Amino acid sequence: GGENWEVSLDFHFPGEIGDIYFLDSENGWATCHTVLGDWFLLVTNDGGDSWNSYNTPYSLSTNPSIYFINETTGWTIGDNMILKSTNGGIEWTAMNSVTNLNFFDLCFSDESNGWAVGKLDTPVLGWPGSDNIIVHTDDGGNSWSSENGGYHDVGIYTLQSIAFIDSLQGWVLGHNNENRNGI
């Protein structure tokens, strides 16, 4: 896989595509963010041959990450917000609003267990890297709690991405402004 590439959708709008997620070879979602802070979702059910666009009532200042556990149930995140869809991304419900967190990525290992990584608006210990936070849900995103007290001081790294293969084993990716990266 990956030897040959082709554009499946070419369109113009004032903004950018933020994240893409495919559940299988047919079902995929892409988040799009306008320069005005609004976002919409592109959905395909035919492997990218055609895409439908759905506006949302939420306005986020960053391109939200997106993750679906099946064809109907998925989550997306952005600044201070975690949203859930139970109809394939057509409609979204705010599951969590945390005023001092900026989320970057999320993943789920099953319909109940999920994690999101982000940072606090203000570092706890006063230096870069002390503001990292990982939150976890075990009820499908209805409630979220911080892992290990929440704050993860990993030195100079900002935690940016997260992946879990089951409810016990996962990884986070971090980076900094000195061209250093860590997993």
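The rules behind each value
- Residues numbered from 1 in each chain as written.
- Predicted model: local features only at pLDDT ≥ 70, side-chain atom pairs only at ≥ 80, totals over all residues.
- Heavy atoms only, no water.
- Helix = DSSP H or I, 4+ residues; strand = E, 2+ residues; numbered from the N terminus.
- Buried < 20%, exposed > 50% of the residue type's maximum accessible area, 1.4 Å probe, protein only.
- Contact = heavy atoms within 4.5 Å.
- Areas by Shrake-Rupley, 256 points an atom, 1.4 Å probe, with all protein chains shown as cover.
- Phe/Tyr/Trp six-rings, centres within 6.5 Å; stacked < 30°, edge-to-face > 60°.
- Pairing = 2+ DSSP bridges.
- Polar contact = N/O pair within 3.5 Å; in protein donor to acceptor, adjacent residues only side chain to side chain.
- Patch = residues over 30% accessible without salt bridge, like charges linked within 9 Å, V, L, I, M, F, W, Y side chains within 5 Å.
- Salt bridge = Lys/Arg side-chain N within 4 Å of Asp/Glu carboxyl O.
- Lys, Arg positive; Asp, Glu negative; His and termini not counted.
- Charge placed at Lys NZ, Arg CZ, Asp CG, Glu CD.

Asks: Honestly, the overall build of the protein chain in this entry has me stumped. Any pointers?
Replies: Counting secondary structure elements, the protein chain contains zero helices and 13 strands. Overall, the protein chain shows an N-to-C arrangement of helices and strands of β-β-β-β-β-β-β-β-β-β-β-β-β. Per-residue burial for the protein chain yields a buried fraction of 42% across its 183 residues. Nonlocal contacts in the protein chain, meaning residues at least 24 apart in sequence, comprise 36% of its contacts between residues at least 6 apart. Surface exposure of the protein chain reaches about 9,900 Å², of which carbon and sulfur atoms provide 48%.

Asks: Even after reading the chapter, I still don't get the packing of aromatic side chains, so can you show me in this structure?
Replies: Each aromatic ring pair is summarised here by two numbers: the centre-to-centre distance and the angle between the ring planes. Within this structure, the stated rule accounts for eight aromatic pairs. Consider the rings of F22 and W51, whose centres lie 6.2 Å apart with planes at 90°: the pair is edge-to-face. Here the residue F22 occupies a position in strand β1 (residues 15-22), and W51 occupies one in the loop between β3 (38-44) and β4 (52-59), the gap between them amounting to 29 residues. Judged by relative accessible area, which is 17%, W51 ranks as buried. Relative to F68, the ring of W29 has its centre 3.7 Å away and its plane inclined at 0°; by these criteria the two rings are stacked. Taken as a pair, W29 in strand β2 (residues 28-34) and F68 in strand β5 (residues 66-68) lie far apart in primary sequence, 39 residues in all. Each member of the pair, W29 as well as F68, is classed as buried. Among the aromatic residues, those joined into a cluster by ring pairs are Y21, Y67, W75, F108 and W144.

Asks: I tried to follow the pairing of β1 on my own but got confused; where do I start?
Replies: On a regular strand, each side chain points to the face opposite its neighbour's, so the side chains alternate between the two faces of the sheet. Here β1 pairs with β2 via seven bridges, running antiparallel. Paired with D19 across the two strands is T31, which belongs to β2. Hairpin connection between β1 and β2: a loop of five residues separates the two successive antiparallel strands.

Asks: Could you clarify how one ought to interpret the side chain of K84 in this entry?
Replies: Along the chain, K84 turns up in strand β6 (residues 74-85). A polar contact of 3.2 Å, which involves the side chain of K84, links it to the backbone oxygen of G140. Excluding its chain neighbours within four sequence positions, the residues that come into contact with K84 are T73, G74, W75, E91, W92, T93, M95 and G140.

Asks: What exactly am I supposed to notice about the environment of N52 here?
Replies: Residue position: N52 is located in strand β4. Spatially, the C-alpha atom of N52 lies 9.6 Å from that of W29, the residues being 23 residues apart in sequence. The residues contacting N52, other than those within four sequence positions of it, are L41, L42 and V43.

Asks: When you look at a negative patch on the surface in this model, what are you seeing that I'm missing?
Replies: Taken together, the side chains of E6, D24, E26, D49 and E71 define an acidic patch exposed on the protein surface. One can find E26 in the loop between β1 and β2.

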